[in-house]
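# Secondary and tertiary structure notes
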Amino acid sequence: MIQLVLPYPVSANRYWKSFYNPRTKHIQMGPSQEAKTYKTQVQWIARAAGVREQLKCRVEVRYTLFPHCPEDAAKRAKVAPDTWDLSVRCIDLDNAQKVLMDSLKGIVFEDDALVHSIIARRGEPGKARLVVDIAPYRPDWLTQPALAFA
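Small disclaimer: the values here were computed from a predicted structure and weren't measured. (Residues numbered from 1 in each chain as written. Predicted model: local features only at pLDDT ≥ 70, side-chain atom pairs only at ≥ 80, totals over all residues. Heavy atoms only, no water.)

Turning next to the pairing of strand β3 (residues 26-31). One ladder, built from six bridges, connects strand β2 (residues 16-21) with β3; its direction is antiparallel. Counterpart to Lys 17 in the pairing with β3 is Gly 30. Following β2, the chain reverses through four residues before pairing antiparallel with β3; Lys 25 in that reversal takes a positive phi of roughly 60 degrees. (Pairing = 2+ DSSP bridges. Helix = DSSP H or I, 4+ residues; strand = E, 2+ residues; numbered from the N terminus.)

Structure (C-alpha cells):
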C-alpha cells in the first residue's frame, strides 16, 4: 500500500483554464499553472514516499480530505456541537477527487482507468491536507466461479 499526505488540492474550478491556440485558431482547455504546480508537488511527495514505478494493475484509492480549521472553531463547536464542521469551507469531495486522480495519473498509477474502487470521506477540520492510500485491488467477481448467462 502507498500512503501519501498531499497538500490541500486545487479546486477543479481553477484546475482548468482556457487559452487561445494560434496554430489551430481555437480556444482550448488545458491545466492551469496552479494545476501543474500541484501535480509537481504530488510527484515530489510520491518520490519521497518511495514510489519509483507506476502501478499497472487495478487499484483502490481511499482518501480523506481535511479542511483547514478556522480560528473560531471552538465558538462554532459550542453553538452547534454536532454540526459545526459543516460550516467550515471545504471543496466538495468529487471536486477534490478529479484533481487527485489527474495528479496521481502517470506518477503513482499508469492511468486513472485502473482505478476500480474509490472510497472518499471528509475528515475533521485541522491542518488542511489530503491523505490518500493506494493499493492493488482485486474485485470479488474475479475470484467467484464463472456465471452462466442465459
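Examined against the element boundaries, Ser 103 turns out to sit in helix α4 (residues 93-104). Looking at Ser 103, its side chain comes within polar contact range of the main-chain oxygen of Val 99, at 2.8 Å. Aside from chain neighbours lying at most four places away, what touches Ser 103 is Tyr 15, Tyr 38, Lys 39 and Val 42. (Polar contact = N/O pair within 3.5 Å; in protein donor to acceptor, adjacent residues only side chain to side chain. Contact = heavy atoms within 4.5 Å.)

Let us now look at α4. Under the 1.5 Å per step criterion, the end-to-end length of α4 is 16 Å for 12 residues, consistent within 8% with the ideal 16 Å. Listed as buried for α4 are Asn 95, Ala 96, Val 99, Leu 100, Met 101, Asp 102, Ser 103 and Leu 104. Positive backbone phi, approximately 80 degrees, marks Gly 106, located one or two places after α4. (Expected span 1.5 Å × (residues − 1). Buried < 20%, exposed > 50% of the residue type's maximum accessible area, 1.4 Å probe, protein only.)

Notably, Lys 25 is not glycine yet its phi reads approximately 60 degrees, a positive angle. Structurally, the position occupied by Lys 25 is in the loop between β2 and β3. Lys 25 sits in the exposed class, given a relative accessible area of 61%.

Further remarks concern the packing of aromatic side chains. In total, this model carries zero aromatic pairs according to the counting rule given. Above the plane of the ring of Phe 66 lies Arg 129, whose end atom (NZ or CZ) is 3.9 Å from the centre. (Phe/Tyr/Trp six-rings, centres within 6.5 Å; stacked < 30°, edge-to-face > 60°. Lys NZ or Arg CZ within 6 Å of the ring centre and 35° of its normal.)

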